[in-house]
Amino acid sequence: MIYDFSYESSSGDLFKFGSESLWPEDDQFRSMEYSTVSSGHRILGFYRAITKFTVPVTVHSDSEADAVAKCNELMAIGAIDRGRLTPGTLRCGPYKTQGYITAVEFDASNDVYGLVTNAKLTIVMEDPTWTMEETRSFIKNKLNSESIDSEWLDYPRDFPYDYMHIDHSWQAISNPGPLPCPPRITIYGFAENPTVRIGSNTYQVNTTVPIGSRLVIDSRSKEVYEISRTGALTNKLDKRRRGAKGEGAYVFEKVPVGRSLVTFDGSFGFDVTLIHESEMPPFYTKGV
């Protein structure tokens, strides 16, 4: 299967495969393998180790000079990332992951000065999980009209008191995936001891977020940090409300499958980014 993917180095250089000049000749990324944890004859768990993919690539060129330039570019594609020990980002459709290009091998039977050159890339991933992010914004002191649905319609008959739901600091978020997914919560200052409740779990950090700064709770990387208006990062992990997984106050709790109510006191704005995880890139139409 021929499909499109791109590799962006940590320095921002972007290489798109599936264009007129660089064609992947196989779909190696749509494969996965788990290792097992066992005791005796029983499987106790599964994990994915560091994974290596070999991707055949065809380099199309218009001239000898173009062929040389493209082959040299291919050779240098992962050098900066390896030197920095900072992985590049691979994308396939809306999903992405991180990895290093550790080898480029040219086919000895090809002439690199010809119009078509065959090569192989070796890409190594510490975590071969692919992710897709979906962000929902929650506005300070404002009710999003999308949160009003049939669950909270006014009572169908007249009563002396209005029975409509009037809490302006609740909304809902949906996780349509097959599994719970980790959220990234970004809180915008000013906020004092910001607290967000998603479903049955409370996410709270006991700190003051100044105006112009933002506080990030990243459940996937297990980090809590503040980004100042100048871009400086401050670790706030020790300020989190401590709790255990599944007990209702765990700051890194995953968002369950389905629809969850989101409540807060309305004094600050924030984003909730659901990080959907996949063992491999899902299949797409149009050759992706």
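Owing to the predicted nature of the structure, the values given are computational and were not obtained by experimental measurement. (Residues numbered from 1 in each chain as written. Predicted model: local features only at pLDDT ≥ 70, side-chain atom pairs only at ≥ 80, totals over all residues. Heavy atoms only, no water.)

Asks: Which residues make up the overall build of the protein, and what are the values?
Replies: From N to C terminus, the protein includes 2 helices and 21 strands. Looking at the protein as a whole, 39% of its 288 residues qualify as buried. In the structure as shown, the protein presents an accessible area of about 16,400 Å², 51% of it carried by carbon and sulfur atoms. (Helix = DSSP H or I, 4+ residues; strand = E, 2+ residues; numbered from the N terminus. Buried < 20%, exposed > 50% of the residue type's maximum accessible area, 1.4 Å probe, protein only. Areas by Shrake-Rupley, 256 points an atom, 1.4 Å probe, with all protein chains shown as cover.)

Asks: Could you give an account of the packing of aromatic side chains, naming the residues involved and the relevant values?
Replies: Across all of its chains, the model carries 10 aromatic pairs by this definition. Ring geometry for Tyr250 against Phe252: centres 5.9 Å apart, planes inclined by 90 degrees, an arrangement best described as edge-to-face. Across the pair, exposure class does not vary: Tyr250 and Phe252 are buried alike. Ring geometry for Phe264 versus Phe268: centroids 5.7 Å apart, planes at 55 degrees, classification tilted. According to the relative accessible area criterion, Phe268 is buried, its value standing at 2%. Taken together, the ring pairs in this structure connect Phe5, Phe17, Phe29, Phe53 and Trp130 into an aromatic cluster. For Arg48, the ring lying beneath its charged end belongs to Tyr34, and the centroid distance is 5.5 Å. (Phe/Tyr/Trp six-rings, centres within 6.5 Å; stacked < 30°, edge-to-face > 60°. Lys NZ or Arg CZ within 6 Å of the ring centre and 35° of its normal.)

Asks: How would you explain the confidence of the model for the protein if you had to name every residue and give the values?
Replies: Fine structural detail should not be taken from predicted coordinates in areas where pLDDT scores are low. Looking at the protein as a whole, the pLDDT averages 85, with 87% of positions reaching at least 70. When the criterion is pLDDT under 50, residues 143-169 qualifies, and its contacts beyond four places in sequence or with other chains add up to 29 contacts. (pLDDT = per-residue confidence, 0-100. Contact = heavy atoms within 4.5 Å.)

Asks: Mind laying out the pattern of salt bridges, listing which residues take part and the relevant values?
Replies: Going through the model one piece at a time under the given rule, you end up with 7 salt bridges. Residue Asp66 is joined to Lys70 by a salt bridge in which the shortest nitrogen-to-oxygen separation is 3.1 Å. Of the two residues, Asp66 and Lys70 are both situated in helix α1 (residues 64-76); the distance of 4 residues between them amounts to about one turn of the helix. The pair Asp66 / Lys70 is uniform in exposure class, with both members buried. Residues Glu226 and Lys236 are paired through a salt bridge, measuring 3.9 Å at the closest nitrogen-oxygen approach. Here Glu226 is found in strand β18 (residues 223-227), whereas its partner Lys236 is found in the loop between β19 (233-235) and β20 (258-263), with 10 residues between them in sequence. (Salt bridge = Lys/Arg side-chain N within 4 Å of Asp/Glu carboxyl O.)

Asks: How would you summarise the environment of Gly93 if you had to cite specific residues and measurements?
Replies: Checked against the element boundaries, Gly93 lands in the loop between β7 (88-92) and β8 (95-106). Residue class for Gly93 comes out partly exposed when judged on its relative accessible area of 44%. Residues Gly93 and Pro281, 188 residues apart in the sequence, show an inter-C-alpha distance of 7.8 Å.

Asks: Provide a residue-level description of unusual backbone geometry, including the pertinent values.
Replies: Across the junction of Gly189 and Phe190, the peptide omega takes the value 15 degrees, indicating a cis bond. Relative to the assigned elements, Phe190 resides in the loop between β12 (183-188) and β13 (191-192). Even without glycine at this site, Leu85 takes up a positive phi of about 55 degrees. By secondary structure assignment, the location of Leu85 is in the loop between α2 (79-84) and β7. If you check the backbone angles, Asn193 has positive phi at about 45 degrees while not being a glycine. Relative to the helices and strands, Asn193 is located in the loop between β13 and β14 (195-198). Given a relative accessible area of 33%, Asn193 falls into the partly exposed group.

Asks: Describe in detail the side chain of Ser219, supporting the description with residues and values.
Replies: Of note, Ser219 is situated in the loop between β17 (214-218) and β18. Discounting chain neighbours no more than four positions away, the residues touching Ser219 are Pro182, Pro183, Val251, Phe252 and Glu253.

Asks: Quick rundown of a nonpolar patch on the surface? Include the residues and the values.
Replies: A cluster of nonpolar side chains, contributed by Met32, Tyr34, Ile43 and Phe46, occupies part of the molecular surface with about 420 Å² of accessible area. With respect to the element layout, Tyr34 can be found in the loop between β3 (22-24) and β4 (35-39). (Patch = residues over 30% accessible without salt bridge, like charges linked within 9 Å, V, L, I, M, F, W, Y side chains within 5 Å.)

Asks: So what's going on with the nonpolar core? Residues and values would help.
Replies: Counting 24 residues, the largest nonpolar core has Ile185, Ile198, Ile217, Phe270 and Val272 as its most contacted members. A total of 3 residues in this core trace back to one element, the largest contributor, which is strand β21 (residues 269-278). With sequence-adjacent residues up to four places away left out, Val272 is seen in contact with Glu134, Thr135, Arg136, Phe138, Ile173, Pro183, Arg184, Ile185 and Ile198. If you look at the next biggest cluster of nonpolar residues, it comprises 21 residues, including Phe5, Phe17, Ile77 and Ala119. (Core = buried A, V, L, I, M, F, W, Y, C linked by side-chain atoms within 4.5 Å.)

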